[in-house]
Protein chains: 2
Amino acid sequence: MDRVDILIKNGLIVTIDKDMQIIEDGAVAIKNGNIVDVGLTKEIDLKYNSDKTINASSKIVMPGLINAHTHSGMTYFRGLADDLPLDRWLNKYIWPTEAKFLSEEFIYNAVLHSAAEMVKNGIVLFNDMYFFGKQCGEAASRVGIRAIIGEVVLDSPVANCTNPEQIIDYSVNQHKEFEKDELIEYSIAPHSIYACCKETLQLSAETARNNNMLLHIHVSETKKEIEDCIKNNSKPPIEYLHDIGFLSEDVLSAHGIWVNENEMKLLREKNVSIAITTESDLKLASGFAPMKEYLENGVNVCLGTDGVASNNNLDILEEMDFTSKLQKAYNQDPTFLPAIDIVRMCTINSAKAFKKDSEIGSIEIGKKADIILINKSQLDTIPMYNVYSHLVYTISSYYVKDVIINGKIVMENRKLVNVDEAEIIDRANYYKKKIINGL
Amino acid sequence: MDRVDILIKNGLIVTIDKDMQIIEDGAVAIKNGNIVDVGLTKEIDLKYNSDKTINASSKIVMPGLINAHTHSGMTYFRGLADDLPLDRWLNKYIWPTEAKFLSEEFIYNAVLHSAAEMVKNGIVLFNDMYFFGKQCGEAASRVGIRAIIGEVVLDSPVANCTNPEQIIDYSVNQHKEFEKDELIEYSIAPHSIYACCKETLQLSAETARNNNMLLHIHVSETKKEIEDCIKNNSKPPIEYLHDIGFLSEDVLSAHGIWVNENEMKLLREKNVSIAITTESDLKLASGFAPMKEYLENGVNVCLGTDGVASNNNLDILEEMDFTSKLQKAYNQDPTFLPAIDIVRMCTINSAKAFKKDSEIGSIEIGKKADIILINKSQLDTIPMYNVYSHLVYTISSYYVKDVIINGKIVMENRKLVNVDEAEIIDRANYYKKKIINGL
């Protein structure tokens, strides 16, 4: 018998492989961070032994969820200012508070918190855009979660840099510095077409390509953004980005609410992926994403939570529920966006967006072991007739019990392995007091 | 010092009284089912003692939530058939399965399950419409939750009755039989204008008024219902109900999606309450409720989960989150429907709809003690800046820790007091197998 690091047994394995195979009473063998075997428990049991066996009976075993767009350093702004118009929200609350409080220490602690929160919600990878990327990477790495970290590129001075060139250099340096950390990488993250001039956007794209980095940008989030862009550039944002040579398969665009038919075709042609952020878009009244048009045009769609200041959590299972239900009503079709498609968006589609679909996003031999176990048999989650419907419409994140990332157990029976929850909670209360006193 | 039955101390008391008073480090004293005092812990502590003290530090203490529209007997159909067109969903799955399986025993067990589930979600009262009302009442009473139970009145024969007169008689008899049960009452519940003829609707209304019972009906849920009603009666549903004398302050209308300006005025004039069921309406692609118009016209609005076959849970906190966010985007206004208004809808507004606002819906001296305690200080729920925003956008139902109904503890630290969860789960698995084999 072969010795492996972890054996998961007796679970309902939702593989998300190309045949969307489901294995009842299945098992997964993990060694050196990789999935070395998947199959029926009774067969796997004869082939392997392990010091660490996880009994997954009454659990769903599936690839970890991916949060395709967030701002993980905003933890302490959760619920700071709700039910406000966007400009007042930004000008009176978010920006002044950021200007006053953001620091290396603040971000390290805030990301420690949000990364821990994401693991508890079954998330194994988050795509981030915020400040102090070095500290963000250190915190994510400590929690044990994968992260693609974008330091916000702006034409105006930011937290730790005075101009966009500096921010782009910083991002490249971080990317190199974390080269040996299997969990962390950096992107180039120009904020948006309205916060970055043409030269900044082009420098971002060029630098990303030269260094084999991803690009992360907010696109077409509000109607005003479109109107301003047409006024300034005689074309809407995605056409503009196309014309200046920004679009490529390395780009992840967040939001993408106000997008026309021609722009859809450009996104498809250039293999750009879109992160839909339904809850945040609803709460800020930004609009309804044209999901049907994206899918009809073959655009790769993922889901993101956005930051907790506009959501107010980092719960991708809840995002799945919101997105599927909203899109049915918005398209006047209850058959639109079935649960199985939504589950793919938060696993294999997202992995594809980040050029990691050969490594993660499904449970298949040879892939990295990014696996979550979800309790499916509690009072409020039975009966279950269809596992995808169950995941999208019934299960809540509390029922995520165990999280394995890169072959390491990061949460076991809801207890985080690498960080102390009580300490994180204490620190949140400390920063909350500081923020209230400073407002 | 006065002796009381239960003392809740050290909590953040969200009273929902007319001044929306919030008491930090507050306490509530409960005796003989009633709230006998509310105030600062340090003051209440000097006046009362009790054998049962609940420490509410780090908890929100608020009036129990009210689920204004559901079908509690559908538990075992949770997720049976999703992502389908309404007619196929009804004709191929829901109706045949109901016809085959509904029985007194089935309903008793299903409601035991859903009532337990609702308590775990912080719900203290549900307004129901389904079959076998006697068994529904017995199950709700055993769990210890309040219920207003409507036996569906249809022109066609139903489960246990062959004509509408019989169903209406049955409802009145049940109402009398449960007169001494403080938790349970019965309504008259004609299904809808399309499933009941004019005479049935009028008999329902007349009988309800003669017996001091509430009326519960589905109204204006789909576009087709409106079109058919205009074709058959030359007017839309609410105008039709008004003209046949059905509308009064005793009526709770569920859904109410397709309602015109004149109908809004009729609802206000007759003091009819509306139960909005956002998640179900989205999932079945029925449409977006005209919340803004209801509020502008002064209509009393509550929220309901609908049944688990179309939601797929009984989570009113989630319903609050969906409703507030959706309505902001739908009305293109992030300031619309602030969290505080949503919290009122699921407490005092609902109590008003059921003519119980002098008894429940807020934490005030003299009211019945229907109180829930919610943990507010977990990793994914801190920091908290505003308690209403916290309840709507951040808190999930898992954090409801204790539930008191009519002065009795029904759930303590998430353990149900009156029923055995493991038995309920076993029974759900038993019925699931039966349903799968029978389909």
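Another point: the interface of chain A and chain B. Interface size, as often reported, equals the accessible area lost upon joining of the parts. With 63 residues of chain A at the interface, the matching set in chain B holds 63 residues. Here chain A and chain B share an interface that buries about 5100 Å² over both sides, 63% of which is from carbon and sulfur atoms. Summed over the shared surface of chain A and chain B, the result is four salt bridges. As a salt-bridge pair, B:Lys328 and A:Asp83 come within 2.7 Å of each other at their nearest N and O atoms. For the pair chain A and chain B, the number of links is 23 residue pairs in polar contact (both at pLDDT 80 or more).

With that out of the way, let us pick up the domain arrangement of chain A. Residue and element names in this part refer to chain A. Taken domain by domain, chain A consists of domain 1 (2-63 + 362-416) and domain 2 (65-353). For domain 1 and domain 2, the distance between their C-alpha centres works out to 29 Å. Both sides together, the interface formed by domain 1 and domain 2 hides about 2300 Å², and carbon and sulfur atoms give 67% of it. In this structure, the connection of domain 1 to domain 2 is made through two salt bridges. At the boundary of domain 1 and domain 2, one finds eight residue pairs in polar contact (both at pLDDT 80 or more). Put simply, the parts of the chain that give the side of domain 1 that touches domain 2 at least two residues each are β5 (59-63), α14 (387-394), β15 (400-405) and β16 (408-412). At five residues, α14 tops the list of elements feeding residues into the side of domain 1 that touches domain 2.

In this section: the relation of the copies chain A and chain B. Superposition of chain A onto chain B requires a rotation of 180° combined with a translation of 0.0 Å along the rotation axis, giving an RMSD of 0.0 Å. One copy is carried onto the other by what is essentially a two-fold rotation axis.

Residue and element names in this part refer to chain A. Positionally, Glu-185 belongs in strand β9 (residues 184-190). For Glu-185, a relative accessible area of 18% corresponds to the buried category. Here the side chain of Glu-185 touches Lys-356 through a polar contact of 2.6 Å, side chain to side chain. Setting aside its immediate chain neighbours within four residues, Glu-185 contacts Ala-147, Ile-148, Ile-149, His-175, Leu-214 and Lys-356.

Right, let's get into the packing of helix α12 (residues 316-330) of chain A against helix α13 (residues 339-353) of chain A. Residues and elements named next belong to chain A. Where α12 meets α13, the axes come as close as 10 Å, and the angle between the chain directions of the two elements is 140°. On the basis of the axis angle, α12 is oblique to α13. Seen from above, α12 lies across α13 with right-handed handedness. Packed against α12, whose contacting residues are Ile-316, Met-320, Thr-323 and Ser-324, the element α13 presents Ile-342, Val-343 and Cys-346 at the interface. Residue composition of the contact of α12 with α13, grouped by class: five nonpolar, two polar and no charged.

In this structure the tally under the stated criterion is five cavities of 30 Å³ or more. What the largest cavity holds in volume is close to 500 Å³. As for the largest cavity, its lining consists of 36 residues, and the residues nearest its centre are A:Asp315, A:Ser396, A:Ser397, B:Ser396 and B:Ser397. Of all the secondary structure elements, the ones that give two or more residues to the lining of the largest cavity are α12 and α14 of chain A together with α12 (316-330) and α14 (387-394) of chain B. Within the lining of the largest cavity, the residues separate by chemical class into 13 nonpolar, 11 polar and 12 charged. A volume near 60 Å³ is recorded for the second largest cavity. Along the walls of the second largest cavity sit A:Pro334, B:Ala81, B:Asp82, B:Asp83, B:Leu84, B:Trp89, B:Lys283, B:Leu284 and B:Ala309, which together make up its complete lining. Broken down by class, the residue content of the lining of the second largest cavity amounts to six nonpolar, no polar and three charged.

For any two helices packed against each other, the geometry is given by the interaxial angle and the distance between the axes. Residues and elements named next belong to chain A. Between helix α3 (residues 104-120) and helix α15 (residues 421-438), the shortest axis-to-axis distance is 10 Å and the interhelical angle comes to 130°. Considering the angle they form, α3 stands oblique to α15. Of the two possible hands of crossing, α3 and α15 adopt the one that is left-handed. On the side of α3, the interface is formed by Glu-105, Phe-106, Asn-109, Leu-112, His-113, Ala-116 and Lys-120, while α15 contributes Glu-421, Ile-424, Arg-427, Ala-428, Tyr-431 and Ile-435.

Glancing now at the pattern of salt bridges. One pass over the full model with this rule turns up 40 salt bridges over all chains. Between A:Glu423 and A:Arg427 there is a salt bridge, and its shortest N-O distance comes to 3.3 Å. With A:Glu423 and A:Arg427 both in helix α15, this residue pair falls four residues apart, about one helical turn. We classify A:Glu423 as partly exposed; its relative accessible area is 38%. With a relative accessible area of 21%, A:Arg427 lands in the partly exposed category. A salt bridge links B:Asp82 to B:Lys283; the shortest N-O distance between them is 2.6 Å. With a gap of 201 residues between them, B:Asp82 in the loop between β6 (65-70) and α2 (86-101) and B:Lys283 in helix α10 (residues 278-283) connect regions that are remote in the sequence. Overall, the relative accessible area of 4% leaves B:Lys283 in the buried class. Shared partners join several salt bridges into a network, and the residues in it are A:Glu279, B:Asp321 and B:Lys325.

Cis geometry is adopted by the peptide bond preceding A:Asn312, which originates at A:Asn311 and carries an omega value of 10°. Residue position: A:Asn312 is located in the loop between β13 (300-303) and α12. A cis geometry characterises the amide bond from B:Ile382 onward to B:Pro383, with omega recorded as -10°. Within the fold, B:Pro383 resides in the loop between β14 (371-375) and α14. Despite not being glycine, B:Asp83 shows a phi value in the positive range, around 60°. Note on B:Asp83: relative accessible area 16%, which makes it buried.

Residues and elements named next belong to chain B. Here Asp-2 is to be found in strand β1 (residues 2-14). A residue is classified by how much of its surface remains accessible, and Asp-2, at 49% relative accessible area, is partly exposed. Along the sequence, Asp-2 and Ala-29 sit 27 residues apart, while their C-alpha atoms lie 10.0 Å from each other. When residues no more than four places from it in sequence are discounted, the contact partners of Asp-2 are Lys-47, Tyr-48 and Asn-49.

Residue and element names in this part refer to chain B. Considering all chains together, one arrives at 21 aromatic pairs over all chains under this definition. Look at Phe-77 and Phe-106: their rings are 5.7 Å apart centre to centre, the planes differ by 35°, and that puts the pair in the tilted class. Separated by 29 residues along the polypeptide, Phe-77 in the loop between β6 and α2 and Phe-106 in helix α3 (residues 104-120) bring together distant segments of the chain. Taken as a pair, Phe-77 and Phe-106 share a single burial class, namely buried. Summarising the aromatic geometry, the rings of Phe-106 and Tyr-431 are spaced 5.1 Å apart at their centres and angled 80° between planes, so their arrangement reads as edge-to-face. With a gap of 325 residues between them, Phe-106 in helix α3 and Tyr-431 in helix α15 (residues 421-438) connect regions that are remote in the sequence. The residues Phe-106 and Tyr-431 share a single accessibility class, namely buried.

Right, let's talk about the side chain of A:Lys376 for a bit. All names here are of chain A. For Lys-376, the location among the structural elements is in the loop between β14 (371-375) and α14. Summary of buried charges: Lys-376 has no salt-bridge partner, and the nearest side chain of opposite charge, Glu-24, is 7.7 Å away. In this structure Lys-376 touches Leu-12, Ser-58, Lys-59, Ile-60, Thr-381, Ile-382, Met-384, His-390 and Ile-395, once residues within four positions along its chain are discounted.

Bringing helix α9 (residues 261-269) of chain B into the picture now. Residues and elements named next belong to chain B. Turning to α9, its buried residues number three or more, namely Glu-263, Met-264, Leu-266 and Leu-267. Angular distribution of buried residues about the axis of α9 spans 160°; they occupy a single face of the element. In the core, the buried residues of α9 are packed alongside α8 (237-243), β12 (273-276) and α11 (291-296). Its side-chain oxygen 3.0 Å from the backbone nitrogen of Asn-262, Asn-260 forms the N-cap of α9. Immediately downstream of α9, the backbone of Asn-271 shows phi near 55°, a positive value.

Calculation notes
- Residues numbered from 1 in each chain as written.
- Chains lettered and ligands numbered in written order.
- Predicted model: local features only at pLDDT ≥ 70, side-chain atom pairs only at ≥ 80, totals over all residues.
- Heavy atoms only, no water.
- Contact = heavy atoms within 4.5 Å.
- Buried area = accessible area lost by both parts, 1.4 Å probe.
- Salt bridge = Lys/Arg side-chain N within 4 Å of Asp/Glu carboxyl O.
- Polar contact = N/O pair within 3.5 Å; in protein donor to acceptor, adjacent residues only side chain to side chain.
- Domains from an automatic or database assignment.
- Helix = DSSP H or I, 4+ residues; strand = E, 2+ residues; numbered from the N terminus.
- Least-squares fit on C-alpha atoms with pLDDT ≥ 70 in both.
- Buried < 20%, exposed > 50% of the residue type's maximum accessible area, 1.4 Å probe, protein only.
- Axes fitted to C-alpha atoms, helices over the stretch in contact; angles between N-to-C directions.
- Parallel < 35°, antiparallel > 145°, perpendicular 65-115°, else oblique.
- Left-handed = near helix turned anticlockwise from the far one by under 90°.
- Nonpolar A, V, L, I, M, F, W, Y, C, P; charged D, E, K, R; others polar.
- 1 Å grid on protein atoms, 1.4 Å probe; cavity = no way out; pocket = protein on both sides within 12 Å on 5 of 7 lines; lining within 4 Å.
- Points joined across faces, edges and corners; volume = space filled by probe spheres on them.
- Phe/Tyr/Trp six-rings, centres within 6.5 Å; stacked < 30°, edge-to-face > 60°.
- Lys, Arg positive; Asp, Glu negative; His and termini not counted.
- Arc of directions from axis to C-beta.

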